[in-house]
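Architecture at a glance
What follows is each chain in one-letter form.
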Amino acid sequence: LGAAVADPGNPFTPMAKMVGSDGSVRDGSAVGMASGYTVIEAASFDEAVEMAKGCPVLDGGADISIFETFDVM
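Everything numeric in this text was worked out from a predicted model, so none of it was measured.

The predicted coordinates should not be examined in detail at positions where pLDDT is low. A residue-level look at the chain finds 68% of positions with pLDDT of 70 or above and a mean pLDDT of 76. Ranking the elements of the chain by mean pLDDT puts strand E3 (residues 64-68) last, at 83, and strand E2 (residues 25-27) first, at 90.

Counted under the stated rule, the structure contains 3 salt bridges. Here Lys 17 makes a salt bridge to Asp 27, at a shortest N to O gap of 2.5 Å. Residue Lys 17 is located in strand E1 (residues 15-19), and its partner Asp 27 is located in strand E2; the two are separated by 10 residues in the primary sequence. Among the salt bridges present, the one from Lys 53 reaches Glu 50, with a minimum N-O distance of 3.2 Å.

Quick notes on the rules
Residues numbered from 1 in each chain as written. Predicted model: local features only at pLDDT ≥ 70, side-chain atom pairs only at ≥ 80, totals over all residues. Heavy atoms only, no water. pLDDT = per-residue confidence, 0-100. Helix = DSSP H or I, 4+ residues; strand = E, 2+ residues; numbered from the N terminus. Salt bridge = Lys/Arg side-chain N within 4 Å of Asp/Glu carboxyl O.

Given below as structure tokens:
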């Protein structure tokens with residue numbers, strides 16, 4: 001598919017944090033590497049963590065992991 005690929009779906013994720021449904025933040029990920037994901041732009045990793053605290057899946061008791069990625073293409 002060459003240049004048509006905008007996101008290869010296999011991100012390089014060297015750093016991760018997890019936001020719990022109670023608003024807590026801890027290092028690491030509950031799932032290991034990312035599987036399903038949403039890519040966002042933020043000024044910093046900490047800003048991305050703060051943005052994630054507003055994710056609606058947290059209301060249902062789910063945890064989400066935040067990964068820092070780098071454009072390697």
